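Remarks on the overall topology
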Amino acid sequence: DLEGVSMRDTLMRDITREKYVAHMLHEYYERRHNLLALPVILTAFLCGFFSFLSTGDNGFSRWFIGWSPVLVGWMAATAAVMQGLQYALGYNYRSECFANAARAYALIETQLDRVQRTIALESGGLHTGAESLLGISAFADTGRASFENARHALELIEEEILDLRKTIRYLPPSDIVAELY
């Protein structure tokens with residue numbers, strides 16, 4: 001009967017760890033994306049600003065007349081290269097992928113918690129901490145059907161985890177994962 005407890009506890013630990021890793025990777029890729037996004041926005045703004053200054057009939061246009069086309073062209077090219085790099089690296093997409101995974105793991109964690117509460121209530125009370133081993137071992141008191149239902153629910157949760165892992169299109173950087181484990 002303690003096999004179900006061990007399976008549940010191991011599964012909960014793994015789900016919690018995977019949720020944490022997915023959340024940390026979401027933040028990692030979001031920071032990387034923002035490191036490129038802000039310079040792109042600033043460069044595009046300055047390009048437009050200098051272009052505007054060089055086209056008007058004002059005191060600034062005479063000062064910019066000689067080198068403004070070169071400056072505006074260089075800034076536009078820089079913004080285009082940074083934007084292309086931002087798209088090619090796909091940090092935004094990776095960030096969203098891991099954010100979705102963290103949310104899915106949180107839902108699975110809630111499902112597993114619900115299974116634990118249901119088992120505890122069927123065994124005569126809600127037990128937590130060290131008492132949970134004694135409370136959950138009361139599977140024998142609730143009958144074999146309750147144990148089989150809990151085992152089936154745990155297997156369904158494991159299948160959900162496998163399906164979730166199939167949807168994650170990006171492998172995390174090994175140095176980041178090593179840091180988190």
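These notes cover the structure that comes with them. The structure displayed is predicted, hence computed values, not measured ones.

On to the overall build of the chain. Of regular secondary structure, the chain possesses eight helices and zero strands. In the chain, buried positions account for 38% of the 181 residues. At a minimum sequence separation of 6, the contacts of the chain that also span at least 24 residues come to 82%. As presented, the chain carries roughly 11,300 Å² of accessible surface, and 61% of it is formed by carbon and sulfur atoms.

Let us now look at the environment of glutamate 96. Structurally, glutamate 96 can be placed in helix α4 (residues 91-122). You can call glutamate 96 partly exposed: its relative accessible area is 41%. Counting along the chain gives 71 residues from glutamate 96 to leucine 25, while the straight-line C-alpha distance between them is 9.8 Å.

Turning our attention to the side chain of glutamine 86. Position of glutamine 86 among the secondary structure elements: in helix α3 (residues 68-89). At 3.3 Å, the side chain of glutamine 86 forms a polar contact with the side chain of histidine 33. Apart from residues lying up to four places away in sequence, glutamine 86 is in contact with His33, Leu36, Ala37, Val40 and Tyr91.

Looking now at the nonpolar core. The biggest cluster of nonpolar side chains holds 14 residues, and the ones touching the most others in it are Leu11, Ile15, Ile108, Leu112, Leu154, Ile157 and Ile161. Listed by contribution, the elements that provide at least two residues to this core are α1 (2-55), α4 and α7 (144-167). Membership of the second largest hydrophobic core comes to ten residues, among which are Leu25, Tyr29, Leu36 and Ile176.

The residue arginine 165 is located in helix α7 in this model. Note on arginine 165: relative accessible area 42%, which makes it partly exposed. Arginine 165 has contacts with Glu18 and Tyr105, leaving out every residue within four places of it along the chain. A polar contact of 3.4 Å, which involves the side chain of arginine 165, links it to the side chain of tyrosine 105.

Per the stated rule, a full pass over the model turns up five salt bridges. Of the charged contacts in the structure, one is a salt bridge between lysine 166 and aspartate 163, with a shortest N-O distance of 4.0 Å. Of this pair, lysine 166 and aspartate 163 are both found in helix α7, three residues apart, which corresponds to roughly one turn of the helix. Residue class for aspartate 163 comes out partly exposed when judged on its relative accessible area of 44%. What you see here is one network of salt bridges that share partners, running through Arg13, Asp14 and Arg17.

Taken together, the side chains of Glu155, Glu158, Glu159 and Glu160 make up a negatively charged region of the molecular surface. Here glutamate 160 is to be found in helix α7.

All right, on to α3 then. Given a rise of 1.5 Å per residue, 22 residues ought to cover 32 Å, and the 31 Å separating the end C-alpha atoms of α3 matches this to within 8%. Listed in full, the buried residues belonging to α3 are Ser68, Leu71, Val72, Met75, Ala79, Met82 and Gln86. All buried residues of α3 lie within an arc of 100° about the axis, which places them on one face of the element. Seen from the buried face of α3, the exposed residues on the opposite side, beyond 90 degrees, are Pro69, Val70, Trp74, Val81, Tyr87 and Ala88. A positive phi of about 65° marks glycine 90, the residue just after α3.

Rules and cut-offs
- Residues numbered from 1 in each chain as written.
- Predicted model: local features only at pLDDT ≥ 70, side-chain atom pairs only at ≥ 80, totals over all residues.
- Heavy atoms only, no water.
- Helix = DSSP H or I, 4+ residues; strand = E, 2+ residues; numbered from the N terminus.
- Buried < 20%, exposed > 50% of the residue type's maximum accessible area, 1.4 Å probe, protein only.
- Contact = heavy atoms within 4.5 Å.
- Areas by Shrake-Rupley, 256 points an atom, 1.4 Å probe, with all protein chains shown as cover.
- Polar contact = N/O pair within 3.5 Å; in protein donor to acceptor, adjacent residues only side chain to side chain.
- Core = buried A, V, L, I, M, F, W, Y, C linked by side-chain atoms within 4.5 Å.
- Salt bridge = Lys/Arg side-chain N within 4 Å of Asp/Glu carboxyl O.
- Patch = residues over 30% accessible without salt bridge, like charges linked within 9 Å, V, L, I, M, F, W, Y side chains within 5 Å.
- Lys, Arg positive; Asp, Glu negative; His and termini not counted.
- Charge placed at Lys NZ, Arg CZ, Asp CG, Glu CD.
- Expected span 1.5 Å × (residues − 1).
- Arc of directions from axis to C-beta.

These figures come from the coordinates and say nothing about function on their own.
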